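The primary structure of each chain is shown beneath.
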Amino acid sequence: MTERTLVLIKPDGVQRGLVGAVIGRFERRGLHLVGLKLLRVDRLVAERHYAEHRERPFFAAVVDFITSSPVVAMAWEGPGAVGLVRTMMGATNPATAAPGTIRGDFGVDVGQNLVHGSDGVARAAEEVALFFRPEELVTWERAGQEWVAPAD
Ligand code: UDP
Ligand code: MG
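Residues numbered from 1 in each chain as written. Chains lettered and ligands numbered in written order. Predicted model: local features only at pLDDT ≥ 70, side-chain atom pairs only at ≥ 80, totals over all residues. Heavy atoms only, no water.

Some details on the nonpolar core
So the rule is basically this: Side-chain atoms within 4.5 Å link the members of a nonpolar core, which is a set of buried Ala, Val, Leu, Ile, Met, Phe, Trp, Tyr and Cys residues. Accessible area is worked out with a 1.4 Å probe on protein chains only. A residue is then buried under 20% of its type maximum, exposed over 50%, and partly exposed in between. Each helix corresponds to a stretch of at least 4 residues labelled H or I by DSSP, and each strand to a stretch of at least 2 residues labelled E; elements are numbered beginning at the N terminus. Pairs of residues are marked as contacts when any of their non-hydrogen atoms sit within 4.5 Å.
With 19 residues, the main nonpolar core has Val41, Ile66, Phe131 and Phe132 as its most contacted residues. At the level of secondary structure, the elements contributing two or more residues to this core comprise β1 (2–9), β2 (32–39), α3 (43–49), α4 (59–66), β3 (71–79) and α7 (121–131). For Val41, the residues in contact, after removing those within four places along its chain, are Ala46, Ile66, Thr67, Val71 and Phe131. By size, the runner-up hydrophobic cluster in this structure holds 17 residues, among which are Leu31, Met74, Met88 and Ile102.

Things to note about the site of ligand 1
To keep it simple, the criterion reads: Proximity is defined per residue: if any heavy atom of the residue lies within 4 Å of a molecule or strand, that residue is considered near it. N or O atoms within 3.5 Å of each other form a polar contact, as long as, within protein, one can give a hydrogen and the other can take it, and as long as residues adjacent in sequence are counted only when both atoms are side-chain atoms. The Shrake-Rupley method, run with a 1.4 Å probe, gives the accessible areas here. Residue values count only the displayed protein chains as cover. Three classes are used: nonpolar for Ala, Val, Leu, Ile, Met, Phe, Trp, Tyr, Cys and Pro, charged for Asp, Glu, Lys and Arg, and polar for all others, with Gly counted as polar.
Contacts to ligand 1 come from Lys10, Tyr50, His53, Phe58, Val62, Arg86, Thr92, Arg103, Val110, Gly111 and Asn113. Taking Lys10, its side chain carries an N or O atom lying 3.0 Å from an oxygen atom of ligand 1. For ligand 1, an oxygen atom lies 2.8 Å from a polar atom in the side chain of Asn113. With the chains in place, 78% of the 500 Å² that ligand 1 exposes on its own is no longer accessible. Residues belonging to the shell around ligand 1 are distributed by class as follows: four nonpolar, four polar and three charged.

Things to note about the pairing of β1
Along a regular strand, successive side chains alternate from one face of the sheet to the other. Counted only if it meets this: The criterion for strand pairing is that DSSP finds at least two bridges linking the strands in question.
Of the strand pairs in this sheet, β1 and β3 are connected by eight bridges, and their pairing is antiparallel. Its bridge partner lying in β3, Val7 is registered against Met74. Pairing analysis gives three bridges linking β1 to strand β4 (residues 115–117), with the strands arranged antiparallel. In the sheet register, Ile9 faces β4, and the bridge partner there is Val115.

Let's talk about unusual backbone geometry
Phi is positive for Leu114, close to 75°, though the residue is something other than glycine. If you trace the backbone, Leu114 turns up in the loop between α6 (102–106) and β4. Of the residues examined, Leu114 reaches a relative accessible area of 0% and is grouped as buried.

Overview of the pattern of salt bridges
We apply this condition: One side-chain nitrogen of Lys or Arg within 4 Å of one carboxyl oxygen of Asp or Glu is enough to make a salt bridge.
Following the criterion strictly, the structure yields nine salt bridges and no others. The salt bridge involving Glu77 is made with Arg4; its shortest N-O contact spans 2.8 Å. Of the two residues, Glu77 is situated in strand β3 and Arg4 in strand β1; the sequence distance between them amounts to 73 residues. Between Arg25 and Asp105 there is a salt bridge, with its nearest N and O atoms 2.8 Å apart. Residue Arg25 is found in helix α2 (residues 19–29), and its partner Asp105 is found in helix α6; the two are separated by 80 residues along the sequence. Relative accessible area serves as the criterion here: at 18%, Arg25 is assigned to the buried category.

Description of the pairing of β3
In terms of residue burial, β3 counts as a mostly covered element, since eight of its nine residues are buried. Two elements, β2 and β3, share seven bridges in a ladder whose sense is antiparallel. Looking at β3, one finds that Leu33 is bridged to Trp76.

In short, shape yes, function no, at least from these values alone.
What follows is the structure in structure tokens.
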């Protein structure tokens, strides 16, 4: 089933010049890009984005971090895209993330773990709507997509 997910390249990934490397992994995997922008996350959006962690001790720190410097927000589609992106990101803590994953290849610290990916299909829809207006999402066909997976 085709799914849509939200990916953020967090401030550390942008500051470290890893935007191209991260986007390239999703492109090469065969996922389909339908939304892309560079933005400064405002505090209200950050608090809504991390609302599930409101009671956790690291809540203030993650909100401070995601608002500290620009991020790249993307919406990607593909078969099982939500789980596929989570697998490609690796474990939350880069210290234990497998080599070959984004966090396992580029990070060492849980607070600066480079990327965010939605953790479920329903949450993905909410997160895409939090970062993109409907008209910012583009419907298009990528040449050769039939050589990646059959259409639904
Ligand atoms: N985080 C943290 N300390 C922790 C757990 C999480 O700083 O002990 C940060 C980390 O950057 C993570 C984010 O909070 O990406 C959201 O946590 P979640 O458990 O949702 O991890 P994710 O879904 O990003 O793997
Ligand atoms: Mg999460």
